[in-house]
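# Coordinate inspection notes
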Amino acid sequence: MAKNIIIRRAVLFFLLCSVSLLPIGQAIWLNLPSSGTKCVSEEIQTNVVVLADYTVISEDHDHLPTISTKVTSPYGNTLHHKENVTHGQFAFTTSEAGNYLACFWVDNHHKAEAVVSVNLDWRIGIAAKDWESVARKEKIEGVELELRKLEGAVEAIHENLLYLRTREAEMREVSETTNARVAWFSIMSLGVCIGVSVLQLWHLKHFFQKKKLI
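Residues numbered from 1 in each chain as written. Predicted model: local features only at pLDDT ≥ 70, side-chain atom pairs only at ≥ 80, totals over all residues. Heavy atoms only, no water.

### With respect to the overall build of the chain
Threshold: Counting from the N terminus, the helices are the DSSP runs of H or I reaching at least four residues and the strands are the DSSP runs of E reaching at least two. A 1.4 Å probe rolled over the protein chains alone gives each residue an accessible area, and that area as a share of the maximum for its type sets the label: buried under 20%, exposed over 50%, partly exposed in between. Accessible surface is estimated by sampling points in the Shrake-Rupley manner with a 1.4 Å probe; for residues, cover comes only from the protein chains shown.
Scanning the chain from terminus to terminus reveals three helices and eight strands. Seen in sequence order, the chain has helices and strands lined up from the N terminus as α-β-β-β-β-β-β-β-β-α-α. Counting the 214 residues in the chain, one finds 27% classified as buried. Taken as a whole, the chain presents about 15300 Å² of accessible surface, with 59% of it coming from carbon and sulfur.

Now the structure itself:
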């Protein structure tokens, strides 16, 4: 009995450590220059909920500078685009696996300003889920709600591991294909060098015979 309790505690500790290491959300502070664009990217797999809030931070609350933002998918599709705003939010469910890019820049009529600060709260997966609505809808709370969150985190970890295994297999396939092509190129290069050397020897021999040097 005591042994089973120890095993359960060890498994629970491992799951909690895994959840703490899972990148599900992050708050980012961006300093936008007066000219140019600053972007944030993250590699996300398919069917993952992404939710982000961004706000311009300034000591002068009466004259907040406005910014523009654009979010694109790995294949260049525009998922969110706003101009002349001081705050905003974008939410979507990923349909493509790869790097999702969120870019921010200061609007033209504020180019004379110095550095503009933007607070970006980027959440993905279970961090973007509205657990309060889930708790009200399913009438759960306390330990049961925490267990539901833990279950969601475990599922996210499992999906992330599957995604990493797929990416590893794709990279291994690309590496093997590249190695095979390099090997064939090396063999062909060696064959060309040998053929050219034989032709040079034949030409020299023919030249010397023609000059009656041999």
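What follows picks up the thread again.
### What to know about the side chain of His80
This is how the line gets drawn: Two N or O atoms form a polar contact when they lie within 3.5 Å of each other; inside protein one atom must be a possible hydrogen donor and the other a possible acceptor, and for residues adjacent in sequence the pair counts only when both atoms belong to side chains. Two residues qualify as a contact provided that any one of their heavy atoms is within 4.5 Å of a heavy atom in the partner residue.
Structurally, His80 is set in strand β5 (residues 78-85). One polar contact links His80 to Tyr54, side chain to side chain, over a distance of 3.0 Å. What His80 contacts, discounting residues up to four positions off in sequence, is Tyr54, Thr69, Lys70, Val71, Gln89 and Phe90.

### With respect to the nonpolar core
In plain terms, the rule: Think of a nonpolar core as a cluster: buried Ala, Val, Leu, Ile, Met, Phe, Trp, Tyr and Cys residues, connected wherever their side-chain atoms sit within 4.5 Å.
Counting 24 residues, the largest nonpolar core has Leu32, Tyr54, Ile67, Phe90, Phe104, Leu120 and Trp122 as its most contacted members. Mapped onto this core, the elements with two or more residues apiece are β1 (25-32), β2 (37-44), β3 (49-57), β4 (67-72), β6 (87-93), β7 (98-106) and β8 (116-124). Sorting elements by how many residues they give to this core places β8 first, with five residues. Once residues within four sequence positions are removed from consideration, Phe90 is found in contact with Val50, Leu51, Ala52, Tyr54, Val71, His80, Ala102 and Trp122.

### A closer look at the sheet that holds β7
Adjacent strands of a sheet pair through backbone hydrogen bonds, lying either parallel or antiparallel. Our working rule: Paired strands, in this sense, are two strands between which DSSP finds at least two bridges. Axis geometry follows a simple rule: fit a line to the C-alpha atoms, using only the stretch in contact for helices, then measure angles between N-to-C directions, giving values from 0 to 180 degrees.
Spatially, four strands are ordered β2-β7-β4-β5 in an open sheet, and the strand pairing comes out antiparallel. Whereas interior strands pair on both sides, the edge strands pair on one side only; in this sheet they are β2 and β5. With direction set aside, neighbouring strand axes in the sheet form an average angle of 10°. One ladder, built from eight bridges, connects β2 with β7; its direction is antiparallel. Bridged to Glu43 within β7 is Asn99.

### What about the pairing of β3?
Of the pairings in the sheet, the one linking β3 to β6 comprises seven bridges and is antiparallel in character. Its bridge partner lying in β6, Asp53 is registered against Gln89. In the sheet, β3 pairs with β8 via eight bridges, with the strands oriented antiparallel. The partner of Tyr54 across the bridge, within β8, is Leu120.

### Some remarks on the pattern of salt bridges
Test applied: When a carboxyl oxygen of Asp or Glu is within 4 Å of a side-chain nitrogen of Lys or Arg, the pair counts as a salt bridge.
Scanning the model with the defined rule gives five salt bridges in all. Glu43 serves as the salt-bridge partner of Arg167, at 2.1 Å between the closest nitrogen and oxygen. Here the residue Arg167 occupies a position in helix α3 (residues 143-210), and Glu43 occupies one in strand β2, the gap between them amounting to 124 residues. Judged by its relative accessible area of 29%, Arg167 is partly exposed. A salt bridge links Arg167 to Glu170; its shortest N-O distance comes to 4.0 Å.

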